[in-house]
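# Structure assessment
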Amino acid sequence: MNWICLLIFAIFSIPAVIKDIRELMIPDWAVFAGSAVLLAYQAVFARECLVQGLLGATLSPLLFYAVRRITNFGMGLGDVKYSILCGLCAGASLAFISYAAASLICALYFATSHLLSKKTGKKSGRKAKIPFAPFMAAGVLVVCAVARASSFV
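These lines cover the structure that appears in this document, whether it is placed above or below. Since we're looking at a predicted model, the values are computed, not measured. (Residues numbered from 1 in each chain as written. Predicted model: local features only at pLDDT ≥ 70, side-chain atom pairs only at ≥ 80, totals over all residues. Heavy atoms only, no water.)

### A word on the packing of helix H2 (residues 28-44) against helix H3 (residues 47-70)
Remark: H2 packs on H3, axes separated minimally by 6 Å, with the N-to-C direction vectors making an angle of 135°. With respect to each other, H2 and H3 are oriented oblique. Contacts between H2 and H3 pair Leu 39, Gln 42 and Ala 43 from the former with Arg 47, Cys 49, Leu 50, Gly 53 and Leu 54 from the latter. Looking at the contact of H2 with H3, its residues break down into 5 nonpolar, 2 polar and 1 charged. (Axes fitted to C-alpha atoms, helices over the stretch in contact; angles between N-to-C directions. Helix = DSSP H or I, 4+ residues; strand = E, 2+ residues; numbered from the N terminus. Parallel < 35°, antiparallel > 145°, perpendicular 65-115°, else oblique. Contact = heavy atoms within 4.5 Å. Nonpolar A, V, L, I, M, F, W, Y, C, P; charged D, E, K, R; others polar.)

### Some details on the side chain of Ser 60
Looking at where Ser 60 falls in the secondary structure, it is placed in helix H3. Those residues in contact with Ser 60, other than ones at most four positions away along the chain, are Ser 83, Gly 87, Ala 95, Phe 96 and Tyr 99.

### Observations concerning unusual backbone geometry
With the exception of glycine, the majority of residues adopt a negative phi angle, and the majority of peptide bonds are in the trans configuration. One non-glycine residue, Leu 24, lies in the positive phi region at around 55°. With respect to the helices and strands, Leu 24 occurs in the loop between helix H1 (3-23) and H2. Here Leu 24 falls in the partly exposed class, since its relative accessible area comes to 41%. Backbone geometry places Phe 73, a non-glycine residue, at a positive phi of 65°. Looking at where Phe 73 falls in the secondary structure, it is placed in the loop between H3 and helix H4 (77-120). (Buried < 20%, exposed > 50% of the residue type's maximum accessible area, 1.4 Å probe, protein only.)

Structural data, given as structure tokens:
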């Protein structure tokens, strides 16, 4: 993973994140076009990232599909597909760390929002639909940027 991989990921993640926040839907074009561009870049210019990226792009959707099944389809299929792009960017070694970071960021955000909603009298329930793509993107960008900056990868 290098800075250009992160830039490609960000370019295709921005529309996916915006659409997920607005409509709870992740556009397939952003996921698959982003994956194709990132895969082509890695195959030509960043071969050292290719095997890890392919492994991440294979294992990530398996994990998210398992979560989808365990939660009785509580997670959307868009998140499962978006994990392909996330896994391709982060690679298998950092993808699962970035998903843990995404889950932590999401939990902190919603815990804070739940506390604030109690103060304002607004209702926030357990059945609330959560756009998870913004948290996945944040997790990948933060974990990969930190790993890259510290020359961990």
